[in-house]
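Letter by letter, the chains look like this.
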Amino acid sequence: MSASTVTPAAPASADATIRRARRRSAALGVAAWVVGIGFCLPALWMLLTSFHAEADAATNPPSVAAALTLDGYRTFFGGGGGPTPWPPLVNSLGASFFSTVLVLLLALPAAYALSIRRVRKWTDVMFFFLSTKMLPVVAGLLPVYLFAKNAGLLDNIWLLVLLYTSMNLPIAVWMMQSFLADVPVSIIEAAQVDGARLPTVLRRVVAPVAGPGIAATALICFIFSWNELLFARVLTGVVAGTAPVHLTTFVTSQGLFLAQLCAASVVVSLPVLVAGYAAQDKLVQGLSLGAVK
């Protein structure tokens, strides 16, 4: 009798648990969509404003249904007789690319020494790398400016390459140390038994295995270099000005040209978005490398 009364209740309880789990999952999905849209809303609003005329972009409250135009993009690319954006864009691309390459060349052997062939007191070395990021950037601005002035390196793109390399190197070493720690030591020892020296081991064994982590590190260093403004604003002028510095020219004593600024921001953001989209699979693999032991 007890069996006949308990048995039908078990499926009903299981169905109720499944329904609650589905409702909870649906609620979490809706919440995730709301949060995601909230994060993307400023970028979408910037994109919409870039297609508005200055008069419509400056209205309060903003005119969402205003007529669309490409005047902001024409002005940004020098269509109205303004300055051309190509030199700042090329400067940003060159400084970000070369500094990222230098960071990877320096960070890979350093991370190898701190993860696979660990040096003595390697934890102290890691803390030293981390401590270099604790200094506020503005605190080092005056010494760097005086050094650049005395060395004749003001308004020089190679000074930015060296600065971006030194700024991103600690982060790169920290990231790549965790990635290289998951490289099997057995394959490195097998390569060394076959006569491979350290440069060959790094290039043909370690780099392919830790490729996703290296790609993630490179992308993050590239983004940091591309977005840097403070040093580029103070240490450069006409020749070596970067894209973020060029964006500040749209805020003048005559006012804020909001539509043109949004158009310029969209164009300047495109290289980073394209690089992130092209390397998204490597980025996800690299950032999740070592998460599951």
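Above this text you will find the structure in question.
> What is the right way to look at the layout of surface pockets in this model?
The gaps left among the atoms become clear once a water-sized probe is rolled over them. Computed from the structure, the largest pocket encloses a volume of approximately 430 Å³. Forming the boundary of the largest pocket are 19 residues, of which Thr132, Lys133, Val137, Ser166 and Met167 lie nearest the centre. It is helix α8 (residues 157–180) that provides the largest number of residues to the lining of the largest pocket, a total of 8 residues. Quantified by volume, the second largest pocket comes out at close to 220 Å³. If you trace the second largest pocket, you find 14 residues lining it, with Pro88, Gly237, Val238, Gly241 and His246 closest to the centre. When contributions to the lining of the second largest pocket are tallied by element, the ones reaching two or more residues are α5 (86–115) and α13 (243–247). Ranked by residue count, the leading element in the lining of the second largest pocket is α5, at 3 residues.

> Where do I start with the side chain of glutamine 177 in this structure?
Among the structural elements, glutamine 177 can be located in helix α8. Among the residues examined, glutamine 177 registers a relative accessible area of 10% and is labelled buried. In terms of polar contacts, glutamine 177 uses its side chain to reach the backbone carbonyl oxygen of leucine 114, at 3.4 Å. When neighbours within four sequence positions are excluded, glutamine 177 is seen to be in contact with Ala111, Leu114, Ser115, Arg118, Trp122 and Met126.

> Whenever I open this one, the packing of aromatic side chains confuses me. Can you help?
Counted by the stated rule, this structure contains 8 aromatic pairs. Three or more aromatic residues joined by ring pairs form one cluster here, namely Phe76, Phe77, Trp86 and Phe250.

> Teacher, can you tell me more about helix α10 (residues 198–209) here?
Each α-helix turn comprises 3.6 residues. Residues three or four places apart therefore point the same way. Across its 12 residues, α10 extends 15 Å between first and last C-alpha, which sits within 8% of the 16 Å expected from 1.5 Å per residue. Within α10 the residues assigned to the buried category are Val201, Leu202, Val205 and Val206. Viewed along the axis of α10, the buried residues span an arc of 130°, placing them on a single side of the element. Exposed and oriented more than 90 degrees from the buried face of α10 are Pro199, Arg203, Arg204 and Pro208. On its buried face, α10 is in contact with α5, α8 and α9 (185–193).

> Just checking my understanding: could you explain the packing of helix α6 (residues 122–131) against α8 for this structure?
Between two packed helices, what matters for the description is the angle formed by their axes and the separation of those axes. One way to put it is that α6 packs onto α8 with a least axis distance of 8 Å and a crossing angle of 140°. The orientation of α6 with respect to α8, classified from their angle, is oblique. Between α6 and α8 lies a crossing whose hand is left-handed. Listed contacts from α8 to Trp122, Met126, Phe129 and Leu130 of α6 are Pro170, Val173, Trp174 and Gln177. A per-class count over the contact of α6 with α8 returns 7 nonpolar, 1 polar and no charged.

Cut-off values and rules
Residues numbered from 1 in each chain as written. Predicted model: local features only at pLDDT ≥ 70, side-chain atom pairs only at ≥ 80, totals over all residues. Heavy atoms only, no water. 1 Å grid on protein atoms, 1.4 Å probe; cavity = no way out; pocket = protein on both sides within 12 Å on 5 of 7 lines; lining within 4 Å. Points joined across faces, edges and corners; volume = space filled by probe spheres on them. Helix = DSSP H or I, 4+ residues; strand = E, 2+ residues; numbered from the N terminus. Buried < 20%, exposed > 50% of the residue type's maximum accessible area, 1.4 Å probe, protein only. Polar contact = N/O pair within 3.5 Å; in protein donor to acceptor, adjacent residues only side chain to side chain. Contact = heavy atoms within 4.5 Å. Phe/Tyr/Trp six-rings, centres within 6.5 Å; stacked < 30°, edge-to-face > 60°. Expected span 1.5 Å × (residues − 1). Arc of directions from axis to C-beta. Axes fitted to C-alpha atoms, helices over the stretch in contact; angles between N-to-C directions. Parallel < 35°, antiparallel > 145°, perpendicular 65-115°, else oblique. Left-handed = near helix turned anticlockwise from the far one by under 90°. Nonpolar A, V, L, I, M, F, W, Y, C, P; charged D, E, K, R; others polar.

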